[in-house]
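Residue-level listing of the chains:
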Amino acid sequence: MKKSERLLKNKDFINVYKQGKIVRNPSFLLFYIKNETTKNRVGFSVSKKTGKAHERNKIKRILKDIYIKHRNEIKDGYDFIFLVRKINKEDNYSDIEKIILEIFKKVNPYR
RNA sequence: GAAAGUAGGACAGGCAAUCGCCCUGAUGUUUCAUCGGGGAGGAAAGUCCGGGCUCCACAGGGCAGGAUGCUGGGUAACACCCAGUGAGGGUGACCUCAAGGAAAGUGCCACAGAAAAGAAAACGCCCCUGACGUUAGUUAGGAGCAAAGCUGAAACGGUGAGGUAAAAGCUUCACCAGCUUCGGGGUGAUCCGAAGGCUUGGCAAACCCCAUCUGGAGCAAGAUCUAAUAGGAGAGAAGUCCUUAGGGACAAUAGUGACCCGCUAUUCUCUCGGGUAGAUCGCAUGAGCGGUAAGGUAACUUAUCGCCUAGAUAGAUGAUUGUCACCCCGAAGUCCUUCGGGGCACAGAACUCGGCUUACGGACUACUUUCGUUU
RNA sequence: GCCCCCAUCGUCUAGAGGCCUAGGACACGGCCCUUUCAAGGCCGCGACGGGGAUUCGAAUUCCCCUGGGGGCA
């Protein structure tokens, strides 16, 4: 995932949190908003409550991987933020993938 | 063979395929491609100590506060490490210890107990005398004692013998502990020996005393660059006249006001300062790592040769599959092979080093101890 | 990443080495009172975050973990 496809600045995050729409799920929150470009940008947010440093990193890697796998199913021109609320430590890659797909279906830009 | 102990380390899975990440070199060319190189740990963790580095403060010194606390050494420094001393634990290899001072002073020691620290006998023991009583004993007075008993976590040296009415370190004895002095070994903590007088409770992770060290904050420290917006300080020019200059006088516009005076403000340029967002530096050649030699019991030091080994900033190493290696369980047998299933930890660099502490599935190497068996 | 602070019944708290078998208020349960409810009275339930050290003795002193909360551009 190139840097141009990611949200990097704190300003961008605040903008999406304040202006964007929300899809709720016990495990995740997904914020999204239309941006000015023709590309999609994604950010991931995992709080310290979720786990230790290496566990948080692992969740972010898995989320990135799932996003890359399924990004063609979403229209261009949006900013997204995945916020992790609570996650089972036993959940593996395919469990998280299922949850993310469920969330994608609730999103407006879903094809 | 089993069970243990100690130390070590470039141990902490390897390889391949597919899809991907960060840094970097070259080429194309521009911010994307292609090819090449590099890319987490022993604890990267907790942030508990000690440094480097940066900024702030500071004449010098002291007090207060904080830290350390057997001795000697190592180190940039330490609360760390090494060697030793003493105490405690273990059959042993070995392990553990905040281990200075309680005759500098103050304070505390609940309950129980006669008594909890400069001294006492109200529980008691023993003897004498009187009274009562046949006796056992009871009671009053006097003298002696602190041994035994009782209490407690702890009782003013301990054990045994002599001694006595009962007793007592009682200038009586033996052994032991402690104190003081002397002699000897050791740099020293301390150890060994002799003599003396007979003896001094515990708590300093209670206040404290003594010795040594100690300014504060932290890389989100701090430095540099500059866009935009708002606003601050200074200088000059904006009109005219006077004056060497400093400056002064008179005007213009707007506000206040009914109007004038008065007061306040006004445009442009330059400089300085402030400083948020962003970028760059800080930022990886260092008390560095490895080999060899010398010194030292060792920690470590010195010399010399070789090597360069992550650098992100919403924060880089992952996912899937196959296979091999290792471990565990089950089954089969040709007794070390096959098949099936499962497992492979704790955990992710954020300025950087030295430690400590905590988490952790296991594998290996070396040395040592105890027990069992065989020869 | 760095720097601080806190932890006692379900909740808010008292406690400063022995009087702690940890006190109080609210809440909860039972009984009394009342025609009933509330208020009131009596009784009960219920806690020192975990481990180690010092001490004769620790909620209290010291060390190490664990879990919360806050600050720094």
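Refer to the preceding data block for the structure.
Before going into details, it helps to say that this report is about the structure given with it. (Residues numbered from 1 in each chain as written. Chains lettered and ligands numbered in written order. Predicted model: local features only at pLDDT ≥ 70, side-chain atom pairs only at ≥ 80, totals over all residues. Heavy atoms only, no water.)

### A look at the nonpolar core
Logical step 1: In this structure, Phe28, Leu30, Leu63, Phe80, Phe82, Ile96 and Ile100 are the most contacted members of the largest nonpolar core, which totals 23 residues.
Logical step 2: Among the secondary structure elements, those contributing two or more residues to this core are strand S2 (28-34), strand S3 (41-46), helix H2 (53-70), strand S4 (78-84) and helix H3 (93-106).
Logical step 3: With residues up to four places along the chain from it excluded, the contact list for Leu30 reads Lys21, Ile22, Val23, Phe80, Ile81, Phe82, Ile103 and Val107.
Logical step 4: By size, the runner-up hydrophobic cluster in this structure holds seven residues, among which are Leu7, Val16, Phe31 and Ile81. (Core = buried A, V, L, I, M, F, W, Y, C linked by side-chain atoms within 4.5 Å. Buried < 20%, exposed > 50% of the residue type's maximum accessible area, 1.4 Å probe, protein only. Helix = DSSP H or I, 4+ residues; strand = E, 2+ residues; numbered from the N terminus. Contact = heavy atoms within 4.5 Å.)

### Topic: the packing of H2 against H3
Logical step 1: Relative orientation of the contacting elements H2 and H3 amounts to 55°, with a least axis distance of 10 Å. On the basis of the axis angle, H2 is oblique to H3. The handedness of the crossing between H2 and H3 comes out as right-handed. In contact with Ile62, Leu63, Asp65, Ile66, Tyr67, Lys69 and His70 of H2, H3 contributes Tyr93, Ile96, Glu97, Ile100, Leu101 and Phe104. (Axes fitted to C-alpha atoms, helices over the stretch in contact; angles between N-to-C directions. Parallel < 35°, antiparallel > 145°, perpendicular 65-115°, else oblique. Left-handed = near helix turned anticlockwise from the far one by under 90°.)

### Considerations on the sheet that holds S2
Logical step 1: With mixed pairing, four strands are arranged side by side in an open sheet as S1-S2-S4-S3. Of all strands in the sheet, those bounded by a partner on one side alone are strand S1 (21-24) and S3. For this sheet the average axis-to-axis angle between neighbouring strands, irrespective of direction, equals 20°.
Logical step 2: Relative to the sheet, H2 contacts S2, S3 and S4, its axis offset from that of S3 by approximately 155°.
Logical step 3: Sitting on the sheet, H3 touches S1, S2 and S4, and the angle it makes with S2 is about 40°. (Pairing = 2+ DSSP bridges.)

### So, the environment of Lys69
Logical step 1: Note on placement: Lys69 falls in helix H2.
Logical step 2: The spatial distance from the C-alpha of Lys69 to the C-alpha of Lys105 is 15 Å, given a sequence separation of 36 residues.
Logical step 3: For Lys69, the residues in contact, after removing those within four places along its chain, are Tyr93 and Glu97.

### Focus on the packing of aromatic side chains
Logical step 1: Here the structure, examined in full by the defined rule, presents five aromatic pairs.
Logical step 2: Consider the rings of Phe44 and Phe82, whose centres lie 5.6 Å apart with planes at 15°: the pair is stacked. You can see Phe44 sitting in strand S3 and its partner Phe82 sitting in strand S4, a full 38 residues away along the chain. Neither Phe44 nor Phe82 differs from the other in exposure class; each is buried.
Logical step 3: Between Phe82 and Phe104, the ring centres sit 6.2 Å apart and the planes meet at 55°, which makes this aromatic pair tilted. Note that Phe82 is positioned in strand S4 and Phe104 in helix H3, a separation of 22 residues in sequence. (Phe/Tyr/Trp six-rings, centres within 6.5 Å; stacked < 30°, edge-to-face > 60°.)

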